[in-house]
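Observations on the three-dimensional arrangement
Given next are the chains, with one letter for each unit.
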Amino acid sequence: MNPLEVKNLSKTFKSRTFPVFGKLQEFTAVNNISFTLHKGEILGFLGPNGAGKTTTIQMLLGVLNPTEGQISYFGKSFSKHRSEILKKVTFASSYIKLPSKLKVWENLDVAGRLYSVPEPQRSKKIESLLKFFDIWHLKDKLNGGLSAGQITRVMIIKALLPDPEIILLDEPTASLDPDIAQEVREFIVKQKKEFGISILFTSHNMDEVTQVCDRVLVLKEGKIIADDTPLALAKSISKAHVHLKISSGLENAIKFVQKECLTYKQIGFEFSFEIDESDIASALIALANSGVVYTSVSIDKPSLEDYFLSVSKKNK
Amino acid sequence: MNFLPISAIFFRHLRFMLNYLNKLLFTFYWPFLDVLLWGFLGKYMQDLQGSNNNLEVILLLSILLWACFARLGMEIFNALIEELWTQNVINIFASPITLFEWIAGVLSFIILLSVILISFLLLAIKLFYSVSILYLFKNFIIFAPFLFFSGIVIGFLILSILIYFGMRAAEIAYVIIWSFMPFSGVFYPVESLPAWAQKISSVLPMSYIFTGMRAYVLQNVNPIPYIIKSSILILIYGILFLFLFFYMFNKSKNKGLNRLTD
């Protein structure tokens, strides 16, 4: 039994140009998507702005009713067993806040109670997580007085508090310092490995997605257009970037890339061009034969970011 | 019903009130000011008439009962406004808590608040007036539960609007609750109102309680018929507005609760 199964999920928003009498307009934000989150898997959720990621997450949390389709957690229908399911499903988002006039400890205590975490486990768990995320000293500080990074850490603690089986993380490391972000990533992977937690993960940081996610779903205009590992998606983009520092023969290099119809960029003696990975060796030989002398060469293999950019460009 | 989620809502609002002095001030200052203004006005008018017609007691009782209705009715929808204002609504409704548990949590906080508020106002009356607190309290306790339930019922009507329209309707919520005051006969008999306004009064549970209270204190008239009429209306509106709230909550989820904070 999979922790989460989504079948033919759609969401269409209806609105009128003017209240009551206006023309009815329809917008489909999520269009017939189906996917599965496996046990102990970190599933990345990628897509350009407006692709339907947030709408899908809202439906998965039960704060937005789907127009069509089924959501099942642990083999049970979400619409019929909402409360029972949500005890094991938590979330953290950089875009959702906790009450600013409540202290850190108070906010986490309220969250623990909401998820029916009994005492003394609740207090012990809050203490250990606050210490792990290095914000124990902030426990009596009002949430409104925290920095963006500290707020994000409190939100992640909130998500981990009830020992969930599934966590929905919406850009959890946005606004974190790089060292803390790395710690959070490592912590997430550790939770997955040690406790078999399944995680749905959205992020705009492609390196992060590549590092953390086992599989990635790519959404575009409300539809899933790809479902594969980050590596496989990156490999689907055949173009690599070759960077050269040219000491002489710059004109010949430009002539070469123009003749081969390659995309290139030149700033001073820094020269880079985009080429199929399989053609790199022959291109470098051809450049050398045409009198191009370079002092350094570096090659960027296609990454998930390249894939994401190609999807976004197609979107436009 | 699970106790822990209910306690979460209870402590969430209690701690907010204790941490935020403005909220404490807002809840206690205005009813206290009402006690001073209306109480001294009643005392002055009683002295002016040279009569012993309990005008001072009537006005003080009216203030206490109105506090039960309006202040505590307001606290119900304030609980939701507070979640919308702090963008906490998703944290609450994406948790396992049921809507009944949320309501139970809010009501348990309001019951505690009402006990503290009324005790505070009775203490203020003791300090500023020579009225017997025991006499005042005995009369108050007969009518207070019905005003309290009326406040809850009207609170649900306003919640139904807020849960669909979100922060855009926050100002309207306060307008609605205070708009009941002139038709409820808080400080004057509903017979003083024009005929069309009396028709509105006749469908408000609060108007029967204030009328019954005045008849009982001034003329020792049995208040039971007034209380029965008020209770029937509370029951009808209670069922109606509770269903309306659940219906509007689900309708709001068709558009997404996230939009409510916009």
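Residues numbered from 1 in each chain as written. Chains lettered and ligands numbered in written order. Predicted model: local features only at pLDDT ≥ 70, side-chain atom pairs only at ≥ 80, totals over all residues.

**Let's talk about the overall build of chain A**
Of regular secondary structure, chain A possesses 11 helices and 14 strands. Its C-alpha atoms put chain A at 75 × 55 × 40 Å along the principal axes. When burial is assessed residue by residue, chain A has 40% of its 316 residues classed as buried. Across chain A, the fraction of contacts at a sequence separation of at least 24, relative to all contacts at a separation of at least 6, is 72%. (Helix = DSSP H or I, 4+ residues; strand = E, 2+ residues; numbered from the N terminus. Buried ≥ 20, exposed ≤ 12 C-beta atoms within 10 Å, placed from the backbone. Contact = placed C-beta atoms within 7 Å.)

**Quick look at the interface of chain A and chain B**
Between chain A and chain B, the residue contacts involve 24 residues of the former and 27 residues of the latter. Secondary structure elements with two or more residues in the side of chain A that touches chain B: helix 1 (53-61), helix 2 (82-86) and helix 3 (104-114) of chain A. Ranked by residues supplied to the side of chain A that touches chain B, first place goes to helix 3 of chain A with four residues. When grouped by side-chain class, the residues that make up the side of chain A that touches chain B number 13 nonpolar, six polar and five charged. (Nonpolar A, V, L, I, M, F, W, Y, C, P; charged D, E, K, R; others polar.)

**Observations regarding the environment of S116 of chain A**
Its place among the elements puts S116 of chain A in the loop between helix 3 and helix 4 (121-132). For S116 of chain A and S290 of chain A, which are 174 residues apart along the polypeptide, the C-alpha to C-alpha distance reads 72 Å. Once you skip the residues sitting within four places of it in the chain, S116 of chain A turns out to touch K87 of chain A together with N2, L4, P5 and P96 of chain B.

**Some remarks on unusual backbone geometry**
The peptide bond linking E119 of chain A to P120 of chain A adopts the cis configuration, its omega dihedral lying at 5 degrees. Tracing the sequence through the fold places P120 of chain A in the loop between helix 3 and helix 4. Phi angles above zero are rare outside glycine, and D163 of chain A is one such case at about 50 degrees. If you trace the backbone, D163 of chain A turns up in the loop between helix 5 (148-160) and strand 7 (166-170). In this structure, Q87 of chain B is a non-glycine residue whose phi angle is positive, near 55 degrees. Note on placement: Q87 of chain B falls in the loop between helix 3 (55-85) and helix 4 (89-93).

**Quick look at the domain arrangement of chain A**
Residues and elements named next belong to chain A. By domain assignment, chain A separates into domain 1 (4-229) and domain 2 (237-315). Spacing between the C-alpha centres of domain 1 and domain 2 amounts to 40 Å. With eight residues of domain 1 in contact, the opposing surface of domain 2 contributes seven residues. Examining the composition of the side of domain 1 that touches domain 2, we find that three residues originate from one element, helix 7 (residues 206-212), more than from any other. (Domains from an automatic or database assignment.)

**A short note on the pairing of strand 10 (residues 223-228) of chain A**
All names here are of chain A. Pairing of strand 9 (residues 215-220) with strand 10, which is carried by five bridges, proceeds in the antiparallel orientation. Each residue of the ladder has a partner; that of L219, found in strand 10, is I224. The turn linking strand 9 back onto strand 10 is made up of two residues, and E221 within it adopts a positive phi angle of 50 degrees. (Pairing = 2+ DSSP bridges.)

**Some words on the sheet that holds strand 2 (residues 24-37) of chain A**
Residue and element names in this part refer to chain A. If you trace the four strands from one edge of the open sheet to the other, you get 2-1-4-5, paired in antiparallel fashion. Each having just a single partner strand, strand 2 and strand 5 (76-77) make up the two edges of the open sheet. Pairing of strand 1 (residues 4-16) with strand 2, which is carried by 10 bridges, proceeds in the antiparallel orientation. Pairing of K11 across the sheet is with V30, part of strand 2.

**What about the environment of T261 of chain B?**
All names here are of chain B. Along the chain, the position of T261 falls in the segment after helix 11 (224-255). Separated by 171 residues in sequence, T261 and I90 have C-alpha atoms that sit 9.8 Å apart. Once residues lying within four places of it in the same chain are set aside, the contact partners of T261 are L84, Q87, V89, G166 and M167.

**Re the sheet that holds strand 6 (residues 89-93) of chain A**
All names here are of chain A. Spatial ordering of the open sheet is given by 6-7-8-3-9-10, a layout of six strands whose pairing is mixed. Looking along the sheet, the strands with just one partner apiece sit at the ends: strand 6 and strand 10. Going across the sheet, the axis of each strand differs from the next one's by a mean of 15 degrees, ignoring polarity. Relative to strand 9, strand 3 (residues 42-46) is paired through four bridges, and the arrangement is parallel. (Axes fitted to C-alpha atoms, helices over the stretch in contact; angles between N-to-C directions.)

**Considerations on the environment of F93 of chain B**
By the secondary structure assignment, F93 of chain B is in helix 4. In sequence terms F93 of chain B and F109 of chain B are 16 residues apart; their C-alpha atoms lie 18 Å from each other. Discounting chain neighbours no more than four positions away, the residues touching F93 of chain B are V63 of chain A together with L257 of chain B.

**Side note on the nonpolar core**
L61, L64, L65, F77, L147 and I209 of chain B are the most contacted members of the largest nonpolar core, which totals 156 residues. With 22 residues, helix 3 of chain B is the single largest residue contributor to this core. Apart from residues lying up to four places away in sequence, L147 of chain B is in contact with L65, C68, F69, M206 and I209 of chain B. Counting residues in hydrophobic clusters, the runner-up holds 10 residues, among them V242, A253, F271 and F273 of chain A. (Core = buried A, V, L, I, M, F, W, Y, C linked by C-beta atoms within 7 Å.)

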